[in-house]
Amino acid sequence: MVSILAKIMGIENLAQDKKRSAYGKLCGVVGVVLNILLFAGKFLAGWISNSIAITADAFNNLSDAGSSLVTLIGFKLAEQKPDSDHPFGHGRMEYLSGLIVSAVILMMGFELVKDSIDKILHPTGVDFSIVVLVILIASIVGKCYMALYNYHYGKRFESSTLKATAVDSLSDCVSTTVVLIATLVGYYTNIQIDGFCGIAVGILIFVAGINAAKETLSPLLGEAPDPEFVAQIEEMVLEFDKDSIVGIHDLIVHDYGPGRRIISLHAEVPAEGNMMSLHDVIDNLEMKLRDELGCLTTIHMDPVVTTDERVTELKEKCISLVKEIGDTLSLHDFRVVFGDTHTNMIFDVVVPFEFYLSDSETIKLIQQRVWEKFGKNFFVVITIDKPAVRV
C-alpha cells in the first residue's frame, strides 16, 4: 500500500532529503488510518467477547494511531528550514517525536498490566465468535504489515522514529496473538488466563517501549558516530593528498538530525610545507567531504615535523611504547623540544572510554616507560583525547 501510494504521489522523483520526509509523513498517515480501523475492530471484538485483553489491545491500537500522528507531525516539523533561532535546522524534532512514541508505548504497557491485574482479581468469562476470530486475525496481519513497511523505510532512511514505530507494531503482532490464544483457551477450556496474558502482553509492550526510547534518546544525548562512517571519513582524508595530509585525529560528528551532520577534524600537515598550498588542499578537501557526504566540514591544520630524523625516530619508538601499554591506544600531534639538560616530548594519546587505566594512570605509566627506554632526562607532556564522538 505504501509503495503504491508513493508511486501515485511521485515521491520517488523527489530529492533525497525531501523523499525521506515525504516517506516519513506517508508512513504516519497510513499508520493513523490503519490503527483507527484496528481500534474499531478490536473494540467491537472486546465488547462481543467481554475480554479485557482484547479491549486493552484495542486501546493500544488507538494509542498507536496517536503515535503515528506524532510521527507525521515530527517529520513535518523536522523538514522546516533553518532560521535565526535554529541555524542548523529542526532535524532533531524527528528524534523528539520518536521519544514521544516511546513514552506512549511505555504508558500503554503500564495501563495494560494494571487492567490485567484487576481482571485476575475479578475474573469474568470470555465469549467467542467467528467475528472475534476474524477481527483478531485481521489485526495480526495488519500489524505485521505495518511493522514491515516501517522497518523497511526506517532502515532505508536511517529513521529512529520509523524504527521505533516498527518495534511497536511488531510487539502488537505478538500481543494480539497472545490475546487470541487466551480467548480460545478461555472459551474452550473455561480456564481464565485472560488477565495473565494481558500482563504478559503489557510487559512485552513495556520492554519494547524501553528499547525504542533508548534508540531515540541516544542521538539526542550524543552517541558515538557509526564506525563505518568514521572509517569512510578517515579514508577520504588520508587518500585525498598523501603528500600534504599525513594524519587525522580529533574527529567530531555534530548531529543536528537526519541529513544535518557537521564534521570537524584535525588534519596533520608537514610543518616544512607551504602554508598557502596546504590551506588550498584543506579547502578542496572540505568541499569534497561536503559534496560526497552531504556534511558541512571544518578542518583544522596541525603542522607536524616530517623531515627531522631524530623526531621521526622518537615518534616511532613512542608509538610502539604506547601500543605495548594498550593496543587500542594511539598517538598524534607529536612534537619534541630538545634542551641541554632535558628533552620534552609533547603529544596527544587517544584513550578509549573503557580503558582499564584512568587517564592519570595512563600518563604516569607512559612517563615511566619513557624513562625506562630513553633515560631520566626525557619527559612527556601528554594530552588525553577520546575516540571520535558525535554531539
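This section reports on the structure supplied with the text. None of these values were measured; they are calculated from a predicted model.

1. With respect to the packing of aromatic side chains
The description of an aromatic ring pair rests on the distance of the ring centres and on the angle between the ring planes. Scanning all chains against the criterion turns up 7 aromatic pairs. Seen in terms of ring centroids, Phe355 and Tyr356 are 4.6 Å apart; in terms of plane orientation they differ by 50 degrees. Their pairing is tilted. The exposure class assigned to Phe355 is buried, which follows from its relative accessible area of 13%. Above the plane of the ring of Phe229 lies Arg261, whose end atom (NZ or CZ) is 4.0 Å from the centre.

2. So, a nonpolar patch on the surface
Together, Leu44, Trp47, Ile48 and Val131 give the surface a local cluster of nonpolar side chains, amounting to about 410 Å² of exposed area. Of the residues forming the nonpolar patch, the biggest block, 3 residues, is contributed by helix H2 (residues 16-49). Examined against the element boundaries, Ile48 turns out to sit in helix H2.

3. Looking at unusual backbone geometry
Not every positive phi belongs to a glycine, and Asp250 is a case in point at roughly 50 degrees. With respect to the helices and strands, the residue Asp250 is situated in strand S1 (residues 247-255). Although it is not a glycine, Asp333 sits at a positive phi angle of roughly 55 degrees. Relative to the elements of secondary structure, Asp333 occurs in strand S4 (residues 330-338).

4. Focus on the layout of surface pockets
The volume enclosed by the second largest pocket comes to roughly 540 Å³. Around the second largest pocket sit 29 residues that line it, and Ile248, His249, Ser330, His332 and Val350 are the ones nearest its centre. If you list the elements that add at least two residues to the lining of the second largest pocket, you get helix H8 (227-240), S1, helix H10 (309-325) and S4. When residues of the lining of the second largest pocket are assigned to their parent elements, the largest contribution, 6 residues, is made by S1. Classifying every residue of the lining of the second largest pocket by side-chain character gives 15 nonpolar, 7 polar and 7 charged.

The rules behind these values
Residues numbered from 1 in each chain as written. Predicted model: local features only at pLDDT ≥ 70, side-chain atom pairs only at ≥ 80, totals over all residues. Heavy atoms only, no water. Phe/Tyr/Trp six-rings, centres within 6.5 Å; stacked < 30°, edge-to-face > 60°. Buried < 20%, exposed > 50% of the residue type's maximum accessible area, 1.4 Å probe, protein only. Lys NZ or Arg CZ within 6 Å of the ring centre and 35° of its normal. Patch = residues over 30% accessible without salt bridge, like charges linked within 9 Å, V, L, I, M, F, W, Y side chains within 5 Å. Areas by Shrake-Rupley, 256 points an atom, 1.4 Å probe, with all protein chains shown as cover. Salt bridge = Lys/Arg side-chain N within 4 Å of Asp/Glu carboxyl O. Helix = DSSP H or I, 4+ residues; strand = E, 2+ residues; numbered from the N terminus. 1 Å grid on protein atoms, 1.4 Å probe; cavity = no way out; pocket = protein on both sides within 12 Å on 5 of 7 lines; lining within 4 Å. Points joined across faces, edges and corners; volume = space filled by probe spheres on them. Nonpolar A, V, L, I, M, F, W, Y, C, P; charged D, E, K, R; others polar.

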